[in-house]
Amino acid sequence: MKIYNTLTRKKEEFIPIEEGKVRMYVCGPTVYNYIHIGNARPVIFFDTVRRYFEYKGYEVNYVSNYTDIDDKIINKANEEGVSAKEISERYIKEYQKDLKSLNVKPATHHPRATEEIDGMIEMISDLIEKGFAYEKNGTVYFKTRKFDEYGKLSKKNLDDLEAGARIAVDEEKEDSMDFVLWKPKKEGEPAWDSPWGEGRPGWHIECSVMSTTYLGEEIDIHGGGEDLIFPHHENEIAQTEACTGKTMARYWMHNGFLNIDNKKMSKSEGNFFTVREIGEQYPLSVLRFFMLSAHYRSPINFSKDLVEASMHGLERIQNAVFNLEYALDNAVDESLKDREEEVIEKIEALNRKFEEAMDDDFNTADAISVIFEIVKITNSEITAESSKELIRKALDKILLLSDVLGIEAKKEEELLDEDIEKKIQERQEARKNRDFAKADAIRDELLEKGIILEDTREGVRWKRK
Ligand code: AMP
Ligand code: ZN
């Protein structure tokens, strides 16, 4: 199995640290808002990496953090006049709903930065002791030039960086390339006690600590979007390796951007759609299918036409599954007949082709094409006369390979109008009893099935997406 390693800029054979096991860490969201579909790209892709390893028989320890303390969270909390914790907890819940609708499995661990402060203080203290960090007026800085290999991931050179850097009059730092590990408390901000006074951690130290705490000093894979290569991942490597003297991660994987009009989708540019917004227009299984229809390292341009094409592609698979289920229910003969063995062989050959695609740096685009080839064979070779055994094998194969990609090959059953009315009634009851958690849960359940509720003065109205 080959993985493109950003560290070496080459595809390399995957050799796990521990046989049969994969330890992987993927940088998670800063929880201050709904995620946009650009943020969904690494979420979907790395979940697919995890699923493929599991399909190959590996036990995967998958860690993805929540950055639940950050300027953006604090600003939002101040805007709303609530605590930072209230904001982060709210958007962690919303993020988890998005994960579910994108068919992303929960990570083995989802640590929160604010619950790992002790570990961060410990690592920072260790770095100071080893001479890689120093404190000035309550701020702790990492001594970047002391770490000889700085720049090995992003292929940047400190002297070039320094020459290109804006000259900030920052008299505190010993060197303009030094970065913050701990910052002192500002008025009105959440803070924790530390040997350097009250304050909070810098962003990069979080991931170094959560990765080593949950996965160990050396891990197999560290991932995220390519904008994290520098400075975030470069700084993570410097902190962790200066501390442990070991290689932090063997393979560094980075997804390309999701663009819109060939420009990176981002909150700051304002050119984004949230996962929720897209979920109101299409089933989110379509968004997942769309993301995986390009190789993860290529940029992917978001457009309505491409999403519609993905929707039709997904429907082709779902129709094949629907037809195979119908055929299975109605088939007469149990065991394989003449020449059916050949069809099975063709399908098995395609299964191997699927694996070859995925073994080649997770080529999900080719893997999807292979599923289409299987669909084509089943459409042409399976008839009302086929045996149950052949039909079952073809059906199971499509379901299995779709599941490796997290693609929902079974069409969701449509709710009947009367079922919807019943659910709405239940929700009204719950609201009357002030059981808002239950009322919200019913609303979300309906939304997941494509039913949108609108509370109007005349009562509840509903529509299908
Ligand atoms: P952020 O909240 O900006 O730290 O982003 C969370 C994750 O989403 C990181 O792994 C980013 O690299 C990734 N990301 C952000 N924007 C995009 C985009 N337009 N396309 C692909 N990945 C993105
Ligand atoms: Zn990180």
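So, a few notes on the structure that sits alongside this text. All residue numbers refer to position in the chain's written sequence, counted from 1. Each chain takes a letter, starting from A, and each ligand takes a number, starting from 1, following the order in which they are written. Under the rules for a predicted model, residues below a pLDDT of 70 receive no local features and side-chain atom pairs below 80 are neither given nor counted, while totals for whole chains, interfaces and linings still include all residues. Water and hydrogen atoms play no part in the side-chain values, which are based on all heavy atoms of the structure.

### Considering the overall build of the protein
If you tally the helices and strands in the protein, you get 15 helices and 15 strands. Scaling as 2.2 N^0.38, a compact globule of 465 residues should have a C-alpha radius of gyration of about 23 Å, and the protein matches this with 25 Å. Projected onto its principal axes, the C-alpha positions of the protein cover 80 × 60 × 40 Å. For each residue, the accessible area found with a 1.4 Å probe, counting protein chains only, is set against the maximum for its type, and the residue is called buried under 20%, exposed over 50%, and partly exposed in between. For the protein, the residues scored as buried account for 50% of the 465 residues in total. When contacts within the protein are restricted to residue pairs at least 6 apart in sequence, long-range pairs at least 24 apart make up 76% of them. The Shrake-Rupley method, run with a 1.4 Å probe sphere, supplies the accessible areas, and residue values consider only the shown protein chains as cover. For the protein, the accessible area works out to roughly 22,600 Å², and carbon and sulfur atoms hold 46% of it. Put simply, DSSP H or I for four residues or longer makes a helix, DSSP E for two residues or longer makes a strand, and each gets a number counted from the N terminus. Within these notes, the globule rule equals 2.2 Å times the number of residues to the 0.38 power, and the radius of gyration is based on C-alpha atoms. Here, two residues are considered to be in contact whenever any of their heavy atoms come within 4.5 Å of each other.

### What about the side chain of glutamine 318?
Residue placement: glutamine 318 occurs in helix H10 (residues 304-330). Residue classification places glutamine 318 among the buried residues on the basis of a relative accessible area of 9%. For glutamine 318, the contacting residues outside a window of four places in its chain are Glu408, Ala409, Lys410 and Lys411.

### Here's the deal with the packing of aromatic side chains
In summary, the pairing rule links any two rings of Phe, Tyr or Trp, Trp by its six-membered ring, whose centres are within 6.5 Å, and it sorts them by plane angle into stacked for under 30 degrees, edge-to-face for over 60 and tilted for everything else. On inspection of all chains with the given rule, the structure shows 19 aromatic pairs. With a centroid separation of 5.5 Å and 85° between ring planes, the pair formed by tyrosine 34 and tyrosine 91 is classed as edge-to-face. In this pair, tyrosine 34 sits in the loop between strand S3 (21-26) and helix H1 (37-55) while tyrosine 91 sits in helix H3 (residues 84-101), placing the two residues 57 residues apart along the sequence. In this structure tyrosine 34 comes out as partly exposed when scored by relative accessible area, which is 29%. Put simply, the rings of Phe14, Phe45, Phe46, Tyr52, Phe53, Tyr55, Tyr58, Tyr251, Tyr296 and Phe362 touch in pairs and so form one group of aromatic residues. Here, a charge over a ring means that NZ of Lys or CZ of Arg falls within 6 Å of the ring centre while also lying within 35 degrees of the ring normal. One cation-aromatic arrangement involves lysine 156 over phenylalanine 230; the distance from NZ or CZ to the ring centre is 5.0 Å.

### Digging into the pairing of strand S7 (residues 179-184)
The two faces of a sheet get side chains in turn, since along a regular strand they alternate between them. Pairing of strand S6 (residues 139-142) with S7 involves 3 bridges; the strand directions are antiparallel. Bridge pairing in S7 links phenylalanine 142 to phenylalanine 179. One ladder, built from 3 bridges, connects S7 with strand S8 (residues 199-201); its direction is antiparallel. Among the inter-strand pairings, proline 184 is bridged to a residue of S8, identified as glycine 199. The pairing criterion is simple: DSSP has to find at least two bridges between the two strands.

### Observations regarding the nonpolar core
The term nonpolar core refers to a set of buried residues drawn from Ala, Val, Leu, Ile, Met, Phe, Trp, Tyr and Cys, joined through side-chain atoms within 4.5 Å. Formed by 91 residues in total, the largest nonpolar core has its most connected members in Phe53, Phe354 and Phe362. Boundaries of every domain are those given by an automatic assignment or by a domain database. Shared between two domains, this core holds at least three residues of each, these being domain 1 (2-133 + 146-165 + 204-255) and domain 2 (305-404). Contacts of phenylalanine 362, omitting those with residues within four sequence positions, involve Met1, Ile3, Phe45, Val49, Tyr52, Phe53, Met253, His295, Tyr296 and Ala357. Core analysis: the next-biggest nonpolar cluster, separate from the first, contains 40 residues, Met120, Leu161, Leu181 and Cys207 among them.

### As for the coordination of the zinc ion (ligand 2)
Because no water is among the atoms considered, metal sites can look incomplete, with donors defined as N, O and S atoms within 2.8 Å of the metal, or 3.2 Å for Na, K and Ca. Summarising the metal site, the zinc ion (ligand 2) is bound by the protein donors Cys27 (SG), Cys207 (SG), His232 (NE2) and Glu236 (OE), whose distances to it range over 2.0 to 2.8 Å. Each of the 4 donor atoms around the zinc ion (ligand 2) contributes to a set of angles spanning 69 to 127°, which defines the coordination as irregular. Positions of the donor residues of the zinc ion (ligand 2) along the chain correspond to the pattern C-x179-C-x24-H-x3-E. Linking cysteine 207 in helix H6 (residues 203-215) with glutamate 236 in helix H7 (residues 229-244), this pair joins segments that are 29 residues apart in sequence. Square planar and octahedral sites, with four and six donors, are those where opposite donors lie more than 155 degrees apart and all other angles lie between 65 and 115, tetrahedral sites have four donors with every angle between 85 and 135 degrees, and the rest are irregular.

### Examining the site of ligand 1
The near set for a molecule or strand comprises every residue that places at least one heavy atom within 4 Å of it. Lining the immediate environment of ligand 1, one finds 14 residues, of which Gly38, Gly225, Asp227, Leu258 and Met265 sit closest. Think of a polar contact as two N or O atoms within 3.5 Å of one another; within protein, one of them needs to be a possible hydrogen donor and the other a possible acceptor, and neighboring residues in sequence only count if both atoms come from side chains. Between ligand 1 and asparagine 39, the relevant distance is 3.3 Å, taken from an oxygen atom to a side-chain nitrogen or oxygen of the residue. Measuring from a nitrogen atom of ligand 1, one finds a backbone N or O atom of leucine 258 at 2.7 Å. Here ligand 1 has 490 Å² of accessible area as a free molecule, and 86% of this is covered by the chains. Residue assignment for the shell around ligand 1 shows that the elements contributing at least two residues are H1 and strand S9 (219-225). Counting residues per element, the shell around ligand 1 draws most heavily on H1, which supplies 3 residues. Tallied by class, the residues present in the shell around ligand 1 amount to 5 nonpolar, 7 polar and 2 charged. The residue classification treats Ala, Val, Leu, Ile, Met, Phe, Trp, Tyr, Cys and Pro as nonpolar and Asp, Glu, Lys and Arg as charged. All others, Gly included, are polar.

### Considering the sheet that holds strand S10 (residues 249-255)
Taken in spatial order, the 4 strands of this open sheet run S4-S3-S9-S10, and their pairing is parallel. Either end of the sheet is taken by a strand with one partner, and the two such strands are strand S4 (59-64) and S10. On average, adjacent strands in this sheet sit at an angle of 20° to one another, irrespective of strand direction. Across 6 bridges, S9 lies against S10 in parallel orientation. Residue pairing for S10: histidine 222 is matched across the bridge by tryptophan 252. Orientation is described by axes fitted as lines to C-alpha atoms, over the contacting stretch for helices, and by angles from 0 to 180 degrees between their N-to-C directions.

### Section: helix H2 (residues 71-80)
When we look at burial in H2, the residues that qualify are Ile73, Ile74, Lys76 and Ala77. The arc that holds every buried residue of H2, seen down its axis, measures 165°, which confines them to one face. In this structure, H2 carries Asn78 and Glu79 as exposed residues pointing more than 90 degrees from its buried face. Where the residues of H2 are buried, they touch H3 and S8. Regarding the arc, it is the one traced by the directions from the helix axis to the C-beta atoms.

### Brief notes about the sheet that holds strand S11 (residues 258-260)
The mixed open sheet is built from 3 strands, whose spatial order is S12-S11-S13. The sheet is open, and its two borders are formed by strand S12 (263-264) and strand S13 (300-301), each paired with just one other strand. Bridge analysis of S11 against S13 gives 2 bridges, and the strand direction is parallel. Bridge pairing links asparagine 259 to asparagine 301 in S13.

### Focus on the environment of serine 125
Along the polypeptide, serine 125 turns up in helix H4 (residues 117-129). Considering only alpha carbons, one finds serine 125 and arginine 443, 318 residues apart in sequence, at a separation of 48 Å. Setting aside residues no more than four positions away along its own chain, serine 125 makes contact with Pro195 and Trp196.

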